[in-house]
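Remarks on the overall topology
Residues per chain are reported as follows:
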Amino acid sequence: MAVLFLVAGASKWWSADDLPRVLLSAGFSAWLADAVAWLLPPLEAAIGVSLLLDQRARARSHVLAVCALLVFSGFLVWLHVTGRNSGCGCFGRLGLGSDSAMWSVARNLLLALLAAASFVVGRRADPDQQSEGKRV
């Protein structure tokens, strides 16, 4: 999952004009499209890097990854419902994104489920988390 977030963030940096185009076609104002396109790649890259860090950083990162995937999925559902079922620009020009918003939603929800499961398993396996819970 870390690689997925790193690739998504890097590909948006690499093809910086694709995401604003998608957001503009979705009805975003120009300033909001530019702001999201400027903030999203480093956010995705930061989530990817933090998923590779130590256990405590990964736990928080799993929560951020799940939240990001749910927000992305909500956006894709909105694209589909409003008839703007074009490519989401999720991976820039790499061509890794699907042309179907609903296929991307299914992928995102599966990834969110895996991230949530990994978070739960990681908390159960971390002795520091268990001892902190017993002290409270």
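Only a predicted model underlies this, so the values are computations on that prediction, with no experimental measurement involved.

1. Some details on the pattern of salt bridges
- Under the counting rule described, the total for this entry stands at two salt bridges.
- Between lysine 12 and glutamate 44 there is a salt bridge, and its shortest N-O distance comes to 2.9 Å. Residue lysine 12 is found in helix 1 (residues 2-14), and its partner glutamate 44 is found in helix 3 (residues 30-52); the two are separated by 32 residues along the sequence.
- Note on lysine 12: relative accessible area 6%, which makes it buried.
- Its relative accessible area of 3% is what places glutamate 44 among the buried residues.
- The closest approach of N and O atoms between aspartate 18 and arginine 21, which form a salt bridge, is 3.9 Å. Of this pair, aspartate 18 and arginine 21 both sit in helix 2 (residues 18-25), three residues apart, which is roughly one turn of that helix.
- On the basis of relative accessible area, aspartate 18 is assigned to the buried category, the value being 10%.

2. What about helix 2?
- For helix 2, the set of buried residues is Asp18, Leu19, Pro20, Val22 and Leu23.
- Looking one or two places after helix 2, you find glycine 27, whose phi comes out positive at around 100°.

3. Some words on the environment of leucine 6
- Structurally, leucine 6 can be placed in helix 1.
- Sequence-wise, leucine 6 and proline 41 are 35 residues apart; in three dimensions their C-alpha atoms are separated by 8.7 Å.
- Apart from residues no more than four positions distant in its own chain, leucine 6 is found in contact with Glu44, Ala45, Gly48, Val49 and Leu52.

4. Describing the confidence of the model for the chain
- Per-residue confidence for the chain gives a mean pLDDT of 79, with 78% of residues at or over 70.
- Ranking the elements of the chain by mean pLDDT puts helix 6 (residues 127-135) last, at 52, and helix 3 first, at 92.

5. Things to note about helix 3
- Given a rise of 1.5 Å per residue, 23 residues ought to cover 33 Å, and the 34 Å separating the end C-alpha atoms of helix 3 matches this to within 8%.
- At leucine 40, helix 3 is bent by approximately 25°, the largest bend along its length, and proline proline 41 sits one to four residues beyond.
- For helix 3, the full list of buried residues reads Ala33, Ala37, Leu40, Pro41, Glu44, Ala45, Ile47, Gly48, Ser50 and Leu51.

6. Quick look at the packing of helix 1 against helix 3
- Packing of helix 1 against helix 3 leaves a shortest axis separation of 7 Å and a crossing angle of 155°. Taken together, the axis directions place helix 1 and helix 3 in an arrangement best described as roughly antiparallel. As for how helix 1 packs across helix 3, the hand of that crossing is left-handed. Here Ala2, Phe5, Leu6, Ala8, Gly9, Lys12 and Trp13 of helix 1 come into contact with helix 3, specifically with Leu40, Pro41, Pro42, Glu44, Ala45, Ile47, Gly48, Val49, Leu51 and Leu52.
- Split by residue class, the contact of helix 1 with helix 3 holds 13 nonpolar, two polar and two charged.

7. Focus: a nonpolar patch on the surface
- Nonpolar side chains collect at one region of the surface, where Met1, Leu110, Leu113 and Leu114 lie side by side and expose about 380 Å² of accessible area between them.
- Tracing the chain through its elements places methionine 1 in the segment before helix 1.

Reading the values: rules and limits
Each chain carries its own residue numbering, running from 1 in the written order of its sequence. With pLDDT at 70 or above as the cut-off, local features in this predicted model cover only qualifying residues; side-chain atom pairs require 80 or more to be listed or tallied, and sums for whole chains, interfaces and linings still use all residues. Processing note: side-chain calculations cover all non-hydrogen atoms of the structure and skip hydrogens and water entirely. In what follows, salt bridge is the name for a side-chain nitrogen of Lys or Arg lying within 4 Å of a carboxyl oxygen of Asp or Glu. In DSSP terms, a helix is any run of H or I states spanning at least four residues, a strand is any run of E spanning at least two, and both are numbered starting from the N terminus. Here's how the labels work: a residue is buried when its accessible area is under 20% of the maximum for its type, exposed when over 50%, partly exposed in between, all with a 1.4 Å probe on protein chains only. Any two residues whose heavy atoms approach within 4.5 Å are treated as being in contact. For every residue, the pLDDT score states the predictor's confidence, bounded by 0 at the bottom and 100 at the top. A helix is expected to span 1.5 Å multiplied by its residue count minus one. Fitting axes to the seven residues ending at a residue and to the seven starting there, one defines the bend at that residue as the angle between these axes. Where helices are involved, their axes are fitted lines through C-alpha atoms of the stretch in contact, as for all axes, and angles between N-to-C directions lie from 0 to 180°. When describing relative orientation, an angle under 35 degrees is termed roughly parallel and one over 145 degrees roughly antiparallel, while 65 to 115 degrees is termed roughly perpendicular and anything else oblique. Each crossing gets its handedness from the near helix: less than a right angle anticlockwise from the far helix is left-handed, clockwise is right-handed. In this classification, the charged set is Asp, Glu, Lys and Arg, the nonpolar set is Ala, Val, Leu, Ile, Met, Phe, Trp, Tyr, Cys and Pro, and all remaining amino acids, among them Gly, are polar. The residues that make up patches have over 30% relative accessible area and no salt bridge, and they are joined within 9 Å when like-charged or within 5 Å when they are Val, Leu, Ile, Met, Phe, Trp or Tyr. Computed by Shrake-Rupley with a 1.4 Å probe, the accessible areas treat only the displayed protein chains as cover when residues are assessed.

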